[in-house]
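Residue-level structural notes
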Amino acid sequence: MATLPSVSYSITVRLELDGHGSAVGSLTNAVEHVGGVITALDVAAAGHERIRIDVTCAARDTDHAQSIVDALGAIEGVDVHKVSDRTFLMHLGGKIEMKSKVPLRNRDELSMAYTPGVARVSQAIAANPDDARRLTIKRNSVAVVTDGSAVLGLGNVGPEAAMPVMEGKAALFKRFADIDAWPISLDTQDVDEIVRTVQILAPGFGGINLEDISAPRCFEVEARLRGLLDIPVFHDDQHGTAIVVLAALKNALRVVEKDLGEVRIAMSGAGAAGTAILKLLMHAGAKDVIVCDIHGAIHEGRDDLDTNLGWIATNTNPACYEGDLKGAVAGADVFIGVSAPNVLGGEDIAEMNEGAIIFALANPDPEVDPEVAHLHASVVATGRSDYPNQINNVLVFPGFFRGLLDAQSHKVDADMMVAAADALADVVTEDEIGPHYIIRACSTPTCRTRWLRPCATWYCGSRRRAAQPAKVSARDLVPRGAAGVASPRYTVPGAVIVRPAGEEGKHGPAASHRPPACGDSVAGGSQFPAVGGLRDRRRHRRGHHRSGREPALGDGGQRCARGLERLRQRTGGDVRGRPRGGGIGTRPRCARRGRRSSGVAAAGEPGGGGGDVRARDDRPGHPARSPWRCARSASCLRRLRRLG
């Protein structure tokens, strides 16, 4: 399958050439002739006769990059000085670092951050180990653990070669969810040693993300760690992929107007990702599934089944089909591939039912050429970024872990993952969904901005109560936009954040287990209104719903009303403008924060009684400041006017 030039194989070539008018044109012609794409031309130095130019261009692969360099060097009068691979330049010295969150500028700060002051904090944690989440980085840290046995599509390359991938994972955690993730590469592939090592490292982390551990060992490692640890353990290769596949499939089925419980699904691949996808699909309601591996369809009559394949044979393939993948695909509604490249052709896709859905997720070359699949299928998705509908688990794991950490959850279960898939699927609205847009792209601004659609993204409130392991489920998830829950600092597609079990906000118990669609009605009125832009969200937080009902005064409104009354008594003024005079010169209590200035101006001075009412600044040599310039006070007054 031919590939296009990519920034992943971008190079910068430093050249010296004659300074005549056609010099630059000869460079662009040479690069285009061999199929490269020039992205930048920078003049590094210029003389009377010679100029030095840095040529940046994208290639298809390493061999293609070398052919571009050879083509440039073959131009008469051009001298190639050096060639830099931009991907390698990005990795020089690693991609992540550790920084202190507190200043260490003097002796006092050093004595509090380290000895002797830090000893008191250690004593407090020793007395109450639960305080480790509050007083250390544990509450925001995740260990990214690998043994290097299944790194990307490279295979068993070892722990050192796995480090760049683990660093990239940690960078994504920080970028999309502000989680401090630490790459840990283990120089062992023994299950017992991996489990024991992670177990003794776990006290310093709030969660464990297993990465690039080959099947079937990854199943045992995850299961044993979940039984030993009281923090969530999540194998992203399995469950992150499964969540985003389920989300994309839900939307694809909406496009072709079919139901998950009624379609026939053919799968290629029974490894870690394939097994996790299968189990999550079946938990979500899929019934007719045939799974194929390199030996053909998995069924109970095969004599080469291990524990994992035995489970698949028992729970799938109800018709006991014994043929190969091509036969399993014939008559199917959905094909999901997480196996090897080019195992199917266009003629195989043509044998599928009308409205076929193709998820060819092998990288870099999918199971079937997307261009060919589009000729016969209604919806086609891949794992590649150069085709529509890229299925990428970066949409899931940062936000999923953000929620687990914020809720202090102790486990991950299938209900949480189905809820995550529902939330991620609902990010794509009815107006946007189509054959070429069933899942939000990783590079869209929505994935990086503060606000996502409130009815599609789920989050946890700011209350930090410990979640009981046996009670945290999808029913305790809170949809963003629910009344009485504070807005999170970070929002990422699929950010399913668990609300502690049994916790009830000011406005009632935890919400329903699924996020309502925009405009859905719920019992008791519009608890989840169709919230659109920033103005609508502010109106929603204030209680001005689109239902048109007069908002009731909650606790915040009552505090503002009491502050307003005290303000009137103290100043004798009109809250819509400056006081009319005669009030004492104290800064008014902020109705929202309850703060008061300590300075009192004497009569006859600026800010004194009978004159311009001001509060004197406590700092000598600074002019008095008007209490009506207090931003919080002004904001509270505007809120009070709206509340009547």
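All of the points below concern the structure found in this document.

**Quick notes on helix H8 (residues 191-201)**
- Regarding H8, the residues found buried are Val-191, Ile-194, Val-195 and Val-198. Projection of H8 onto a plane perpendicular to its axis shows the buried side chains occupying an angular sector of 95°, all on one side.
- Looking at the buried residues of H8, the elements they touch are strand S5 (141-146), strand S7 (207-210) and helix H9 (217-228).
- The opening residue of H8, the one whose side-chain oxygen lies 3.2 Å from the backbone nitrogen of Asp-192, is Asp-190.

**Considerations on the pattern of salt bridges**
- Evaluated as defined, the whole model comprises 25 salt bridges.
- Salt-bridge contacts for Asp-131 lead to Arg-134; the nearest nitrogen and oxygen are separated by 3.6 Å.
- The partner of Asp-406 in a salt bridge is Arg-402, with the nearest N and O atoms 2.9 Å apart. With Asp-406 and Arg-402 both in helix H16 (residues 397-406), this residue pair falls four residues apart, about one helical turn.
- Classification of Asp-406 by relative accessible area gives buried; the value is 13%.

**A few points about the packing of helix H11 (residues 272-284) against helix H17 (residues 414-426)**
- Where H11 meets H17, the closest approach of the two axes is 10 Å, and the angle between their N-to-C directions is 85°. By the criterion of interaxial angle, the relationship of H11 to H17 is roughly perpendicular. In contact with Leu-280, His-283 and Ala-284 of H11, H17 contributes Ala-414, Asp-415, Met-417 and Val-418.
- A per-class count over the contact of H11 with H17 returns five nonpolar, one polar and one charged.

**Re the sheet that holds strand S2 (residues 37-46)**
- Taking strand neighbours across the sheet as the criterion, the four strands line up as S2-S3-S1-S4 in an open arrangement whose pairing is antiparallel. Unpaired on one side and paired on the other, S2 and strand S4 (79-85) mark the two borders of the sheet. For this sheet, the mean inter-axis angle between neighbouring strands, taken without regard to orientation, is 20°.
- One ladder, built from eight bridges, connects S2 with strand S3 (residues 50-59); its direction is antiparallel. If you follow Asp-42 over to S3, its bridge partner there is Asp-54.
- The strands touched by helix H1 (residues 23-33) within the sheet are strand S1 (6-18), S2 and S3, with S2 carrying the most contacts at an inclination of about 150°.
- Packed onto the sheet, helix H2 (residues 62-73) meets S1, S3 and S4 and runs at close to 15° relative to S1.

**Quick word on the nonpolar core**
- Ranked by size, the top nonpolar core spans 65 residues in total, and within it Ile-243, Leu-249, Ile-265, Ile-336, Ile-357, Phe-359 and Phe-400 carry the most contacts.
- In terms of residues, this core owes the most to one element, helix H10 (residues 236-256), which gives eleven residues.
- In terms of nonpolar packing, the next biggest core, distinct from the first, is built from 21 residues, Ala-143, Val-198, Ala-202 and Phe-205 among them.

About the thresholds
Residues numbered from 1 in each chain as written. Predicted model: local features only at pLDDT ≥ 70, side-chain atom pairs only at ≥ 80, totals over all residues. Heavy atoms only, no water. Buried < 20%, exposed > 50% of the residue type's maximum accessible area, 1.4 Å probe, protein only. Helix = DSSP H or I, 4+ residues; strand = E, 2+ residues; numbered from the N terminus. Arc of directions from axis to C-beta. Contact = heavy atoms within 4.5 Å. Polar contact = N/O pair within 3.5 Å; in protein donor to acceptor, adjacent residues only side chain to side chain. Salt bridge = Lys/Arg side-chain N within 4 Å of Asp/Glu carboxyl O. Axes fitted to C-alpha atoms, helices over the stretch in contact; angles between N-to-C directions. Parallel < 35°, antiparallel > 145°, perpendicular 65-115°, else oblique. Nonpolar A, V, L, I, M, F, W, Y, C, P; charged D, E, K, R; others polar. Pairing = 2+ DSSP bridges. Core = buried A, V, L, I, M, F, W, Y, C linked by side-chain atoms within 4.5 Å.

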